[in-house]
Each structure stands twice: as structure tokens, then as C-alpha cells.
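Descriptive structure summary
Residue strings, one per chain:
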Amino acid sequence: MSHEVETMAFAGETPWHGLGNPISNDLTPEQMMEASGCNWEVALNNNCYPADHPHHASEAIQGSNFIERTSDGAILGHYVAGDYKPVQNAELFNFFEEFINDNKMYLHTAGSLFGGRKVWCMASTKEGFTLDGDDEIVNNLLFTIDHSGKCANSALNTPVRVVCANTMSLALNSEGKRFRVLHLQTFDDDIMKAAEEALGISDTKMTEFQEQATLLSTKRAKPFDVQKFVAELFQPQLLIERAKQDISDNVPFADEFSRTAEQVYSAIETSPGAELKS
């Protein structure tokens, strides 16, 4: 199953896979944790020698633990070292409490992937803005925690609406500000405040972004300018040859693009969002 969804909840449009509990956009973090099926905890337990071990039969292995979901005994991580500090789902959801209480954001999607090994919660700003009347801009804050013992926990701003493993991967692999919490750190108030500052989660930052985006939306790039930009990145030799031959700027670059440059230019012109004025 490419979606890898164990449980989830969502506000707004039903995800492509049709799974999850539909919710309103006024839930508290605690209610969202319940609705998304993430109201469970994990615990560390010692790994042990096998019962037939010749020297340490069934004895605990010091400094070697596994991660267990306490609600059903599922093993989410088979080995972590002794200094590993698990982050509970409740801590993840509580991170959003300030923004929900201040009426700045609403909880958009949340859930459990890969049998509980990855849990996420995503909140969206209640008031975004539009560019040229029809291009809606909304800021999403995604926080993920890992219960497998293999990955750090991550908080980031993303335009991607996370509803499955594929969209989770897309969000985590995209460029942008992010904050990582290692499992060697205690997820306390200091860490939460550091995450807020690192991600620029504030009305001021959103206002600054709106001003910059609005300014940029007024700048129109002509097809020739876009072609020249693509040539500078992927086919600079073409610019050099044209300069030597004193070719008029009115002659399109696209007719002489390499396959790579042609594909990039085509993506700019035809990909979703290309029709938007901004």
C-alpha cells in the first residue's frame, strides 16, 4: 500500500486514498490526537539474550532496548541505545496548543504511518492571503516524530498537504526551513521555543512573506526572459555562441535547447500552477 496509513484524521477535502476520519477545523490538540487514532504511548524495554544462551540465558542486555507501543505490544523499533529518549505522541500534539488557542492556526491532518513507526500532525494558518485574486497562499506547519529509532523528529513549514507516506516524503524532501529534534534531547519547553524561532512561526514572519510574495507577483517574466534564464542554468554555451554571432534578442532560445533545457522549460510552462497569474 503506497499510502501506508494506519490511522488518520483530516479537515477539508477527503484524501485520495479515501481513508481517515473527517473532522471540523476547530479541534483541540487532544481531540485531534484522539480522532487520528494516535492516543497511544511508547515505552523502552530491554532486549534480552535468548533463553538457550549458554552464559546469559534470558538476561537483559544492558544499553540495548526496543521500542514498544504499550496499547497493543507492537514492536516499532528493534534496537536503540541506552541514551535514547522517546517522544510521546501527546508531546507532538501539545506543540500546536499555543497556536490553536491563539486562533492563529487549525489542525488540518494528523495520523500514523507504517504501523505506528511514524506519526505526524499538520496545522494550517486560518488566514492566508491570495495573489491576483485566485492564487491562495496558506502556511502549513508539519511536525513528525519517529518511533522506529532510526530517524530524528522534524518540524518544518511546507506547502504540501500531508495525507500519506508519499506526501510525507515529498514534504520532508522539499527545500525550506526545518528543525530537527534528536532522540538524545528531552522534548521540553526550551526545545519547543527553539523550534518556533528556527521556523519563524509568527504573525510578523507571515506578514513579511505576504509583502514579498505580493511584490513578486507584480513582476511578469516574458517567455524570452524565461528561456534565457533556463539557458543560463542548463546551456550557458548557447549564450556564448549567440554573443559571438551577434544574434538578435528577439530570436527564441527554445528552438536550440538541449533535451534537458527543453524539459525544464516545458515543466515551467505546463506544470500545475503555470496558469496562475502569480
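This text follows the structure it describes.
Our subject in this report is the structure included herewith. Here the residue numbering is sequential within each chain, running from 1 through the sequence in written order. Totals for whole chains, interfaces and linings use all residues, but because this is a predicted model, local features are given only for residues with pLDDT of at least 70 and pairs of side-chain atoms are given and counted only at 80 or more. In computing side-chain properties, one takes all heavy atoms of the structure into account and sets aside hydrogens as well as water.

Below, the discussion takes up the sheet that holds strand S5 (residues 75–81). At least two DSSP bridges between two strands are needed for those strands to be called paired. A run of DSSP states H or I qualifies as a helix once it reaches four residues; a run of E qualifies as a strand once it reaches two. Both are numbered from the N-terminal end. Taken in spatial order, the three strands line up as S3-S4-S5 in an open sheet, and their pairing is antiparallel. The open sheet has two edge strands with one neighbour each: strand S3 (42–48) and S5. Here the average twist between neighbouring strands, direction ignored, is 35 degrees. Pairing geometry for S3 and strand S4 (residues 60–69), over six bridges, is antiparallel. Along S4, the bridge assignment pairs asparagine 45 with phenylalanine 66. Angles shown run from 0 to 180 degrees and are taken between the N-to-C directions of axes, each axis being a line fitted to C-alpha atoms and, for helices, limited to the stretch in contact.

For the rest of this paragraph, the subject is the sheet that holds strand S11 (residues 153–158). Read from one edge of the open sheet, seven strands run S2-S1-S6-S7-S10-S11-S12, paired in mixed fashion. Edge positions in the open sheet fall to strand S2 (21–23) and strand S12 (178–181), since each of these has one partner strand only. Strand-to-strand, the axes of this sheet are offset by a mean angle of 15 degrees, without reference to chain direction.

With respect to the helices, strands and loops of the structure, glutamine 227 is situated in helix H7 (residues 223–234). Between the C-alpha atom of glutamine 227 and that of tyrosine 265, which follows or precedes it by 38 residues, the distance is 6.9 Å. Residues count as neighbours in contact if any of their non-hydrogen atoms are within 4.5 Å of one another. Apart from the residues lying within four places of it in its own chain, the contact partners of glutamine 227 are Pro252, Phe253, Ala254, Phe257 and Tyr265. Within polar-contact distance, the side chain of glutamine 227 engages the side chain of tyrosine 265 at 3.2 Å. Polar contact is defined as a pair of N or O atoms within 3.5 Å, subject to the rule that within protein one atom must be able to donate a hydrogen and the other to accept it, and that residues adjacent in sequence are counted only when both atoms are side-chain atoms.

Geometrically, a pair of aromatic rings is defined through the distance of the ring centres and the angle of the planes. For this analysis, a ring pair means two rings from Phe, Tyr or Trp (six-membered ring only for Trp) whose centres lie within 6.5 Å, classed as stacked if their planes differ by under 30 degrees, edge-to-face if by over 60, and tilted for the remaining angles. Here the structure, examined in full by the defined rule, presents five aromatic pairs. Ring geometry for phenylalanine 95 versus phenylalanine 143: centroids 4.9 Å apart, planes at 75 degrees, classification edge-to-face. Here phenylalanine 95 is found in the loop between helix H2 (89–94) and helix H3 (97–101), whereas its partner phenylalanine 143 is found in strand S10 (residues 140–146), with 48 residues between them in sequence. When the ring of phenylalanine 224 is compared with that of phenylalanine 253, the centres are 5.2 Å apart and the planes differ by 40 degrees; the resulting orientation is tilted. A residue pair is termed long-range when its members are at least 10 positions apart, and phenylalanine 224 in helix H7 and phenylalanine 253 in the loop between helix H8 (236–245) and helix H9 (259–270) qualify at 29 residues. Note on classification: 1.4 Å probe, protein chains only; a residue is buried when its accessible area is under 20% of the maximum for its type, exposed when over 50%, partly exposed between these limits. By relative accessible area, which is 4% here, phenylalanine 253 ends up buried. Counting every residue linked through ring pairs, the aromatic cluster contains Phe95, Phe96, Phe99 and Phe143. A cation over an aromatic ring shows up here: arginine 242 above the ring of phenylalanine 253, its NZ or CZ 4.3 Å from the ring centre. In this scheme, Lys NZ or Arg CZ marks a charge over a ring once it lies within 6 Å of the ring centre and within 35 degrees of the ring normal.

Salt bridges are identified by distance alone: a Lys or Arg side-chain nitrogen within 4 Å of an Asp or Glu carboxyl oxygen. Taken as a whole and assessed by the stated rule, the structure comprises four salt bridges. Among the ionic pairs, lysine 118 bridges to aspartate 146, the shortest N-O distance being 3.8 Å. Of this pair, lysine 118 sits in strand S7 (residues 118–125) while aspartate 146 is found in strand S10, placing the two residues 28 residues apart along the sequence. Look at aspartate 146 and you get buried, because its relative accessible area is 3%.

Let's shift gears to the nonpolar core. We call a set of buried Ala, Val, Leu, Ile, Met, Phe, Trp, Tyr and Cys residues a nonpolar core when their side-chain atoms join them within 4.5 Å. Core analysis: the largest hydrophobic core is formed by 34 residues, its most contacted members being Met32, Leu92, Phe93 and Phe96. If you tally residues by element for this core, the top one is strand S6 (residues 105–113), at four residues. Those residues in contact with methionine 32 that lie beyond four places of it in its chain are Ala9, Ile23, Leu27, Phe93, Leu107, His108, Thr109 and Ala110. Counting residues in hydrophobic clusters, the runner-up holds 14 residues, among them Val5, Leu113, Val160 and Val163.

Our focus in this paragraph is a nonpolar patch on the surface. Taken together, the side chains of Phe229, Leu233 and Phe234 define a hydrophobic patch exposed on the protein surface, amounting to about 320 Å² of accessible area. In this fold, phenylalanine 229 is placed in helix H7. Patch construction takes residues with relative accessible area above 30% that form no salt bridge. Like charges are linked within 9 Å, and nonpolar side chains (Val, Leu, Ile, Met, Phe, Trp, Tyr) are linked within 5 Å. Each accessible area is a Shrake-Rupley estimate made with a 1.4 Å probe; only the visible protein chains count as cover when residues are assessed.

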